[in-house]
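If you want the building blocks of each chain, they are given just below.
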Amino acid sequence: MEPVSRQDPYLRAVVHTAACCRALTLLLQASSWCCGAVFDLLIPDHTADAFSPPRLPEPGACDLLLEWLLGGLAHWDAEHFLFIAQWGYLYEHNCAFFPLYPLSLRAVADGALWPLQQLLRLRSRLLLSAVLLNSLFSVLAAAALYKLGCAVLRCHKTAFLAALLFCISPANVFMTAAYSESMFTVLTFSAMWHLEKGQSWLSVLLFSLATGVRANGLVNAGFFLYSRSKSFALQLQVGSGWVRKLSLLQRQLLGVASSVLLTCAGICLPFALFQYYAYVRFCGPGLELAVPELLQQLAVDKGYRLVPPNGVKPPWCSQRLPVVYSYIQDVYWNVGFLRYFELRQIPNFLLALPVTLLGSWATWTFTVANPRHCLTLGLERRKKEQVGKPRFGFCCPAVFVYVVHATALLVLGFFCMHVQVLTRFLGSSSPVLYWFSAHLLRRHEGWLWKEGADRQSSGSCGKGPTGHPLLRLLLNYRSMTPVAQCVLGYFVSYWLLGLVLHCNCLPWT
């Protein structure tokens, strides 16, 4: 595979498309005179029983203007991130949201946006910081996904198309709003890419930072566990006789075990440190905090637990393993195995149905194409009868660990979480959703890479983009195959619907 060059025309196109999609998203959300209508005016805001703290201090004229332009990106969980960035972890349930993203918002608001402090209150600068940072992170994540695709798929065209699909991700609104998804995605995809390049310690650092952004970063430790286990298993299948192998086995096993323990500990460290911080804050001696009266009243009205000033400890403090994150998920949001399987949640299951079907189809397609590789977990050295198997594209053996990762997230999300979050959960954590969608589009729309051709096989993974495939797909949507229409229609419809509904505080993924 050719190295990814800075002059790579695919990479330039990915960055340009990602930047344009971010700009278009903000334009659609904020500008009535450019778009013809503002979503906030088309659909009145829904009154949701969600976290909505009072604005302190009172907003000024510039704050109200910014709120009118970008306020749709500060709903639902975004309120938590903005509140934490402004006030810290004041309420117990704020601890469900990890600190690296709010810290980044505060750093930008107090640093790069410091000259605006005379015009904008802190919360407005935090919201502006979120929009700017997430736009940057989304562009970087698209570039990282393209580079990762080139390394794993060994096919520039599929990697290119997958990165373009990421630009119109079904989780688009969460990549723009004040959520941590964009930051998590760029860290995760970059870490995966560096691991593929053999830069293990840099990958550990990036995976560790990702865990400081979202709790599901813990699952990424599995990539190192698999990488080390595979290297060890393959080493045992080569070399001289068994006597020598057995003599080296103990030393090699010790080295692999210590390496796995160190890397997994590094990835899990941010999670452990944050749980310790929460324990000290809520379970330690009473702290005298200057909490504004309105925020105290909010705690009384909504039943939120503040940092106890009198030493009264929350129930989770007395548990054998006092982990506040699991307690909040259990008590505040009723997250647990099969807890969401209720008749009244059928609309949410329908909302998650496309990503569930797409993820399941991806797993099935890879398994059928590589049955032996899946049965042996990829720990068996390639044999002569496997020479005919695909060496590039979605069905190549290198995709195995990513399919396992995506399948684990899909099963976890479907059975143990609020199922409607599956779209952004998978869309921000796994490249498989984009790789498989690109695989389907290339398979069913081979004409895409042919100048002036209609539905001719393209079969090549060579370099040199032919036009802009995403635009060509959109312009030829009516003449596409049903499968391709469903895939592209899913991406585009969720891209737009998510923006309309979320920005008006309506339930979305």
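Positions within a chain are numbered from 1, following the residues in the order the chain's sequence is written. Only residues with pLDDT of at least 70 are given local features in this predicted model, and only at 80 or more are side-chain atom pairs given and counted; all residues enter the totals for whole chains, interfaces and linings. Excluded from the side-chain calculations are hydrogens and water; all other atoms, namely the structure's heavy atoms, are used.

## Notes on the packing of aromatic side chains
The condition is simple: Pairs were defined over the aromatic rings of Phe, Tyr and Trp, the Trp ring being its six-membered one, requiring ring centres within 6.5 Å. Orientation was assigned from the angle between planes: stacked under 30 degrees, edge-to-face over 60, tilted for the rest. The way it works is that DSSP assigns letters per residue, a run of H or I at least four long becomes a helix, a run of E at least two long becomes a strand, and they are numbered from the N terminus. Three labels apply to residues, based on accessible area from a 1.4 Å probe with only protein chains included: buried if under 20% of the type maximum, exposed if over 50%, partly exposed otherwise in between.
Within this structure, the stated rule accounts for 42 aromatic pairs. Centre to centre, the rings of Phe223 and Tyr402 are 5.3 Å apart; their planes meet at 45°, and the pair counts as tilted. Here Tyr402 lies in helix H18 (residues 400–416) and Phe223 lies in helix H12 (residues 221–236), a separation of 179 residues in the sequence. When sorted by exposure, Phe223 lands in the same class as Tyr402, which is buried. Centroid distance Tyr279 to Trp316: 6.5 Å. Interplanar angle 70°. Geometry classified as edge-to-face. Placement of Tyr279 in helix H13 (residues 242–283) and of Trp316 in the loop between helix H14 (293–302) and helix H15 (324–331) is noted, with a sequence separation of 37 residues between them.

## Here we look at the state of the cysteines
In plain terms, the rule: In this description, a disulfide is simply a cysteine sulfur pair whose atoms lie within 2.5 Å.
Applying the stated criterion to the full structure yields one disulfide. Across a sulfur-sulfur distance of 1.7 Å, Cys283 and Cys317 are joined as a disulfide pair. Note on the Cys283 and Cys317 pair: the S-S dihedral is about -75°, so by sign convention the disulfide is left-handed. Within this pair, whereas Cys283 is found in helix H13, its partner Cys317 is found in the loop between H14 and H15, the two being separated by 34 residues in sequence. Look at Cys317 and you get buried, because its relative accessible area is 8%. Unpaired in terms of disulfides, Cys268 finds its nearest cysteine sulfur in Cys264, a separation of 6.3 Å. Given a relative accessible area of 30%, Cys268 falls into the partly exposed group.

## Thoughts on the packing of helix H11 (residues 200–211) against H12
In plain terms, the rule: The axes used here are C-alpha line fits, helices contributing only the stretch in contact, and every angle between their N-to-C directions lies in the interval 0 to 180 degrees. Reported orientations rely on four angle classes, namely roughly parallel under 35 degrees, roughly antiparallel over 145, roughly perpendicular from 65 to 115, and oblique for the rest. By definition, residues are in contact when any of their heavy atoms lie within 4.5 Å. Each residue is assigned to one class: nonpolar for Ala, Val, Leu, Ile, Met, Phe, Trp, Tyr, Cys and Pro, charged for Asp, Glu, Lys and Arg, and polar for all the others, Gly among them.
Running from N to C, H11 and H12 point in directions that differ by 160°, and their axes come no closer than 11 Å. Taken together, H11 and H12 sit at an angle that is classed as roughly antiparallel. Seen from H11, the contacting residues are Ser200, Ser203, Val204 and Phe207; seen from H12, they are Phe223, Phe224 and Arg228. Looking at the contact of H11 with H12, its residues break down into four nonpolar, two polar and one charged.

## Looking at the UniProt feature "transmembrane region" (unreviewed entry) in the protein
What counts, and what does not: UniProt positions are given in the numbering used here, feature names are shortened, and annotations may be inferred rather than shown by experiment.
Per the UniProt record, the feature "transmembrane region" (unreviewed entry) sits at residues 126–146, 158–180, 200–226, 253–278, 349–371, 392–415 and 482–501. Structurally, residues 200–226 comprises 67% helix and 0% strand, and the distance from its first C-alpha atom to its last is 13 Å. Secondary structure across residues 392–415 comprises 67% helix and 0% strand; the distance between its end C-alpha atoms is 33 Å.

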